[in-house]
Amino acid sequence: MAEIPGAIIVERNHLEWRLHPASSARIPEAVDLDVQWIVICDEGYSSSLAAATLQTIGLRRATDVIGGFRAWRAANLPVIAVATPTPARRAPDDDSGSVS
């Protein structure tokens, strides 16, 4: 199993909550609407839709990687081997992983 070094892992169904600066469930990096978010999935299909949704909610610098992680890896861009996947990022005060 491999990951992109320094990547922030966010579950797709939490993406808008975690990345929007007005959300009470945001992650610390979500400081304003001008943060550049680069969304990536395995093949690039889901990440394209996710980036478009982030743009719709005001995160206008959101984009994705065409071809996803497979294209990233095929281009010999940095990856690290991991035995266990990095857990998805949660909001600092969110112990449950759910958002109300």
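Residues numbered from 1 in each chain as written. Predicted model: local features only at pLDDT ≥ 70, side-chain atom pairs only at ≥ 80, totals over all residues. Heavy atoms only, no water.

Undergrad: Just to check I follow, could you spell out the environment of Asp32 for this structure?
TA: Note that Asp32 resides in the loop between helix H1 (15-19) and strand S2 (38-39). Since its relative accessible area comes to 34%, Asp32 is described here as partly exposed. Taking the C-alpha atoms as reference points, Asp32 and His20, separated by 12 residues in sequence, lie 7.5 Å from one another. The residues contacting Asp32, other than those within four sequence positions of it, are Pro21 and Leu59. At 2.7 Å, the side chain of Asp32 forms a polar contact with the backbone nitrogen of Asp34. (Helix = DSSP H or I, 4+ residues; strand = E, 2+ residues; numbered from the N terminus. Buried < 20%, exposed > 50% of the residue type's maximum accessible area, 1.4 Å probe, protein only. Contact = heavy atoms within 4.5 Å. Polar contact = N/O pair within 3.5 Å; in protein donor to acceptor, adjacent residues only side chain to side chain.)

Undergrad: Sorry if this is basic, but what is going on with the nonpolar core here?
TA: Across soluble globular proteins, you tend to see nonpolar side chains buried next to one another. Leu15, Leu19, Ile27, Trp37, Val39, Leu54 and Leu59 are the most contacted members of the largest nonpolar core, which totals 13 residues. Contributing elements (two or more residues each) for this core: H1 and helix H2 (45-56). Sorting elements by how many residues they give to this core places H2 first, with 3 residues. Those residues within four positions of Trp37 in sequence are excluded, and the remaining contacts are Ile8, Leu19, Ile27, Glu29, Ala30, Leu59, Arg61, Ala62 and Thr63. (Core = buried A, V, L, I, M, F, W, Y, C linked by side-chain atoms within 4.5 Å.)

Undergrad: Which parts of the structure should I look at to understand the confidence of the model for the protein?
TA: Overall, the predicted model of the protein reaches an average pLDDT of 93, with 93% of residues at or above 70. Low confidence marks residues 96-100, where pLDDT is under 50. Its contacts with residues over four positions away, or in another chain, come to 8 contacts. (pLDDT = per-residue confidence, 0-100.)

Undergrad: Looking at this model, I keep getting lost on the side chain of Arg18. Mind explaining?
TA: Along the polypeptide, Arg18 turns up in helix H1. Look at Arg18 and you get buried, because its relative accessible area is 0%. A polar contact is formed between the side chain of Arg18 and the backbone oxygen of Ala25, at a distance of 3.1 Å.

Undergrad: Please clarify how the pattern of salt bridges should be interpreted in this entry.
TA: Side chains that differ in charge, positive against negative, can pair when their charged atoms come close. A complete count under the given rule lists 5 salt bridges for this structure. Across the pair Glu16 and Arg12 runs a salt bridge, and its minimum N-O distance is 3.0 Å. Of the charged contacts in the structure, one is a salt bridge between Arg70 and Asp42, with a shortest N-O distance of 2.8 Å. Note that Arg70 is positioned in helix H3 (residues 68-74) and Asp42 in the loop between S2 and H2, a separation of 28 residues in sequence. (Salt bridge = Lys/Arg side-chain N within 4 Å of Asp/Glu carboxyl O.)

Undergrad: Would you explain H2 in this entry?
TA: Because the α-helix completes a turn every 3.6 residues, residues three or four places apart line up on one side. In this model H2 runs 17 Å from its N-terminal to its C-terminal C-alpha over 12 residues, within 8% of the 16 Å that 1.5 Å per residue would give. Every buried residue of H2 is accounted for by Ser47, Ala50, Ala51 and Leu54. Down the axis of H2, the sector holding all buried residues measures 100°, keeping them to one side. Along H2, exposed side chains directed more than 90 degrees from the buried face belong to Tyr45, Leu49 and Thr56. (Expected span 1.5 Å × (residues − 1). Arc of directions from axis to C-beta.)

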